[in-house]
Amino acid sequence: MDIKIDLKRLKDDIEALARFGRDPRGGITRPSFSQADREARDWLKEKINEAGLTLRQDGAGNLFGRLGEEGRTVLVGSHIDTVINGGKFDGSVGVLAGLECLRRIKEEGWRLTKPLEIVSFTDEEGNLVGDFLGSRAFAGLLNKEEIEKGMTSFGRPLKDVLAGTEFSLESILKAHEERPDVEAFLELHIEQGAVLDTEDIPIGIVERIAGKNYRWCSFLGKADHGGTTPLELRHDAFLATADFALKGTQHVATQHYGSMITVGKVSVLPGSFSVVPGEVDFSLDFRSASPETLKALENELLTLAEDIASTRGLAFYSRIVDKTEPVTISPRILGILQEECQKLSYPLLTMTSGAGHDAQIVSAVAESGMIFIPCIDGISHSPEEMIRWEDLEKGANLLLQALLRLAS
Ligand SMILES: [Zn+2]
């Protein structure tokens, strides 16, 4: 099927979308339902209309552009929201490459047996209440209590953020009722890691997406005078945290190689120059592509923390903040992507995604697949995020072939 995407047009779209939410500190800040997001959505709606696709929007603000009428839908897309000071490729490349594919198919007058639809999911980045608000709403995986009680990362209830928009908690909860019958979902995304760039391979085909477990943890010890309390009499919550971070990482590296553990945020209290830390609150993020390993890690890491606490005479507490299960990509979609990539003679790597994506959520309601393209030095969620345009061209051409095959 000799049809190719128009890279120049796709590139122009990516640059045009990057104008919305430009942050004076660098990069792009465009959380869902912000002013910048509203402008970006209006721009995208116009693009969908210009392309001659049928525009619609569901109760969660997920935006769609449809080509074709009846039948099971083949869906393609990603998200256009960003983290604070994010880059212009994360999410955007997936939505705009999908748009470009549908434009090309329409221009060529390709006859399909199934409808194609692009989607831009709301709040993939979790600036509002947990990751994947839009795709979870689409899949019917949200619960009422969670979004009623949930505070956004801007410290406001979601309800307040929605005031003045055309959306409400109720419309978000009902969004899945508007979901068409979906045959498959494809998502093109930057890798957000350095594997493809390091190995100089333009295409990654995702075979598994890691599940994750996010927790807030605390060691509670005793705040004592740093000049008078002998070392052996201290109950130092910071040392317990350091001990845990180090031993936990060694454990994952030696027993569960390929899984991940990160202590990314640490707050030391009382946080004074010469006071032994009495309390440390910290974030714990661990991930694995295997459900068994993820479960085992939960037991092993919490046991390790309890052991450290009891050896050092402290207490340990933890509560779960967010959790997703690992996803194995459907073998049919994986096979189609691999075959089409080989036909195009693009070098490819079959790989695991350590980052979460909308595709893992949509996989609850439809077979889903993912294509990765490299980002330079693996940098993402940063103003420095960069790609090579020729990699995007390859990724989008692969996406196009896979869509044609799924919808023909
Ligand atoms: Zn993303």
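An account of the accompanying structure is given in this report.

Quick notes on the rules
- Residues numbered from 1 in each chain as written.
- Predicted model: local features only at pLDDT ≥ 70, side-chain atom pairs only at ≥ 80, totals over all residues.
- Heavy atoms only, no water.
- Helix = DSSP H or I, 4+ residues; strand = E, 2+ residues; numbered from the N terminus.
- Rg over C-alpha atoms; globule rule 2.2 N^0.38 Å.
- Buried < 20%, exposed > 50% of the residue type's maximum accessible area, 1.4 Å probe, protein only.
- Contact = heavy atoms within 4.5 Å.
- Areas by Shrake-Rupley, 256 points an atom, 1.4 Å probe, with all protein chains shown as cover.
- Lys, Arg positive; Asp, Glu negative; His and termini not counted.
- Charge placed at Lys NZ, Arg CZ, Asp CG, Glu CD.
- Expected span 1.5 Å × (residues − 1).
- Axes fitted to C-alpha atoms, helices over the stretch in contact; angles between N-to-C directions.
- Parallel < 35°, antiparallel > 145°, perpendicular 65-115°, else oblique.
- Left-handed = near helix turned anticlockwise from the far one by under 90°.
- Nonpolar A, V, L, I, M, F, W, Y, C, P; charged D, E, K, R; others polar.
- Patch = residues over 30% accessible without salt bridge, like charges linked within 9 Å, V, L, I, M, F, W, Y side chains within 5 Å.
- Salt bridge = Lys/Arg side-chain N within 4 Å of Asp/Glu carboxyl O.

Digging into the overall build of the chain
And then number 1: The secondary structure content of the chain amounts to 13 helices and 14 strands.
And then number 2: In terms of C-alpha radius of gyration, the chain reaches 23 Å, essentially the compact-globule figure of 22 Å for 408 residues.
And then number 3: With the C-alpha coordinates of the chain rotated into their principal frame, the extents come out at 80 × 50 × 35 Å.
And then number 4: Each of the 408 residues in the chain was classed as buried or not, and the buried ones make up 55%.
And then number 5: Restricting the contact set of the chain to residue pairs at least 6 apart, pairs at least 24 apart contribute 78%.
And then number 6: Of the accessible surface of the chain, which amounts to about 17300 Å², a share of 51% is contributed by carbon and sulfur atoms.
And then number 7: Once the 45 positive and 64 negative side-chain charges of the chain are each reduced to a mean point, those two points are 2 Å apart.

Considering helix α11 (residues 331–343)
And then number 1: The first and last C-alpha atoms of α11 sit 18 Å apart over 13 residues, in line with the 18 Å expected at 1.5 Å per residue.
And then number 2: Of all the residues in α11, the buried ones are I333, L334, G335, I336, L337, E340 and C341.
And then number 3: Buried residues along α11 sit in contact with β5 (182–190), β6 (203–209), β13 (348–353), β14 (367–373) and α13 (389–407).
And then number 4: Following α11 by one or two positions, S345 has its phi on the positive side, about 60 degrees.

Thoughts on the packing of α11 against α13
When two helices pack together, their arrangement is captured by the angle between the axes and the distance separating the axes.
And then number 1: Where α11 meets α13, the closest approach of the two axes is 9 Å, and the angle between their N-to-C directions is 125 degrees. By the angle between their directions, the pair α11 and α13 is classed as oblique. Relative to α13, α11 is oriented so that their crossing is right-handed. Contact with α11, carried on its side by R332, I333, I336, L337, E339, E340, C341 and K343, involves L398, Q401, A402, R405 and L406 of α13 and no other residues of that element.
And then number 2: When the residues that make up the contact of α11 with α13 are grouped by side-chain class, the tally is seven nonpolar, one polar and five charged.

A few points about a nonpolar patch on the surface
And then number 1: Together, F238, L239, V266 and V268 give the surface a local cluster of nonpolar side chains, amounting to about 300 Å² of exposed area.
And then number 2: At the level of elements, α9 (237–255) and β9 (266–269) are the ones that each hand at least two residues to the nonpolar patch.
And then number 3: Mapped onto the elements, V266 comes out in strand β9.
And then number 4: What makes V266 partly exposed here is its relative accessible area of 40%.

Structural notes on unusual backbone geometry
And then number 1: The omega torsion of the bond from L269 to P270 falls at 0 degrees, within 30 degrees of zero and hence cis.
And then number 2: Unlike most non-glycine residues, D123 shows phi in positive territory, near 45 degrees.
And then number 3: With respect to the helices and strands, D123 occurs in the loop between β4 (116–121) and α4 (133–139).
And then number 4: A residue is classified by how much of its surface remains accessible, and D123, at 0% relative accessible area, is buried.
And then number 5: In the Ramachandran plot, F132 falls in the positive-phi region, its phi being about 65 degrees despite a non-glycine side chain.
And then number 6: For F132, a relative accessible area of 3% corresponds to the buried category.

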